[in-house]
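Each chain, letter by letter, is given below.
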Amino acid sequence: MIKLNFNNFLKSKKDVTKIFESYREDIKEINKTIEKRRCSGAEMLGWIDYPFDYDKNEMKDLISLSKEWYQNDKIKNIVMLGIGGSYIGVRAAIDMVLPEFNRKKDIYYVSSLSSSYIANLVEKLKKEDFYLIVVSKSGTTLEIGLAFRIFYSLLYEKFGSEGAKDKIVCVTENSDSSVLRKLVNMKEIKAYSIPKNVGGRFSAITPVGLFAMGAMGLDVEKVLEGCKKALNDTKNPDILKNTAYQYAALRHWEYSQNNKSVEVYCIYDDAMRFFAEHLKQLFAESEGKQEKALFPTNCLFTTDLHSVGQFIQDGKKILFETCIEVKTPLKDLKIESFMNDVDGLSFINDKTVDEVNKVAASSTIDAHHVDGGLDVLKIEVNERNEETFGYMYSWFSKAVAMSALLLEVNPFDQPGVEAYKKRMFAKLGKK
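Reference entry: report on the structure contained in this document. The shown structure was predicted, so the numbers you read here are calculated from the model rather than taken from an experiment.

**Observations concerning the sheet that holds strand β1 (residues 3-5)**
- Overall, mixed pairing links the five strands, which are arranged β1-β10-β9-β7-β8 in an open sheet. Since the sheet does not close on itself, it has two edges, and those belong to β1 and β8 (295-300), each with one partner. Across the sheet, the mean angle separating the axes of adjacent strands is 25° when strand polarity is ignored.
- Here strand β7 (residues 262-267) runs beside β8; their pairing, made up of six bridges, is parallel. The partner of Val 264 across the bridge, within β8, is Thr 297.
- Packed on one face of the sheet, helix α10 (residues 243-256) meets β1, β7, β9 (319-328) and β10 (376-383) and runs near 135° to β7.
- Each of β9 and β10 touches helix α13 (residues 353-371); the most contacted strand, β9, lies at about 160° to it.

As structure tokens, this is what we get:
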């Protein structure tokens, strides 16, 4: 389902194969520690097992209720409270699978402390009905706790305690230590569980993301099927037969042997923007420790070719590119002749917009590799649907596990994230 294209990576495929051979034994050993749950951070490998071994009763209930929400024509607005992995992967799935406009429902993400965004959303929803999804493992994340106060209060003012609870679903850890779980129990709000052994950036394929996906009309079971296929395909310890490990090896080689410090994820479809954001979080948070790792960033082309494209082409050679291509667009348009071609664009007549976009992509890759001297790895998938999303999500999860372990860092913790929280709570007067 995922194909790696090495045509513009290094000088030849033989060079790429040599890299794979050099990593072969190390990857076999690391894979063994992953499979036997002995690697660093192994207690957080629950995302590998979840698509095969979830709570069947909970999943049945989740699918049923999310379908109810989707099929209820009175539900026009859904507000999702979540930050980091509690929302980025969810949005990536919804944007990747659904058409960009004229969706059956609108979903609004509250994922920051932007006062203008929150206040304006509140003003809008004072005049309209809305349903609320709250995602927080512990319930102590300030951004989500603050937003929950505001949006629960709005529902309470409109519908009272009984009416409000029927319009809320919470996803949190099933633990006495979860503040959100205590609130859920107190107010008798519907809740689903975040597995304790799944970290946020790996959690979109659990209730964290699946309920919102289902409520927006995605087929949850197809997402999980895609995950299963990817996890089965990436079990093979032989790098020559495991594309996720090939990708992990190439990015490690670029960092450790080719002196690259930046990886740019390049997409040519707006619908993939948040999948690229997911990758940015996944690799930065998993690997950015002990002053190690590539800095991951992303570009939407052709838009960013008219800005940072100049640096990529002619600037300092600190980066390589990973280009993600979806071969079949969700929809396409044929370009017709226009005003007797007075605009001078007769050469695009009878082509489709996607054809032109694909030519722009291949031309950019050639320019960056041949003229700019950059390595460009291409990751190809066939289409935008639930199974593809699930496959890509789990495939990249497996890749980052291997990539981080090659760096000898724990892929599953994020100690640096706590630094700002300690200072913020202190300045706000938390005791």
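More follows now that the structure is in view.
**Digging into the nonpolar core**
- Membership of the largest hydrophobic core comes to 102 residues, with the highest contact counts inside it found for Ile 34, Trp 69, Trp 395 and Phe 396.
- Among the elements that line this core, the one with the most residues is helix α14 (residues 386-406), at twelve residues.
- In contact with Ile 34, not counting residues within four places along its chain, are Cys 39, Leu 45, Ile 48, Tyr 245, Lys 398, Ala 401, Met 402 and Leu 405.
- Within the second largest apolar cluster, 25 residues are counted, among which are Val 122, Leu 154, Leu 155 and Ala 191.

Reading the values: the criteria
- Residues numbered from 1 in each chain as written.
- Predicted model: local features only at pLDDT ≥ 70, side-chain atom pairs only at ≥ 80, totals over all residues.
- Heavy atoms only, no water.
- Pairing = 2+ DSSP bridges.
- Helix = DSSP H or I, 4+ residues; strand = E, 2+ residues; numbered from the N terminus.
- Axes fitted to C-alpha atoms, helices over the stretch in contact; angles between N-to-C directions.
- Contact = heavy atoms within 4.5 Å.
- Core = buried A, V, L, I, M, F, W, Y, C linked by side-chain atoms within 4.5 Å.
- Buried < 20%, exposed > 50% of the residue type's maximum accessible area, 1.4 Å probe, protein only.

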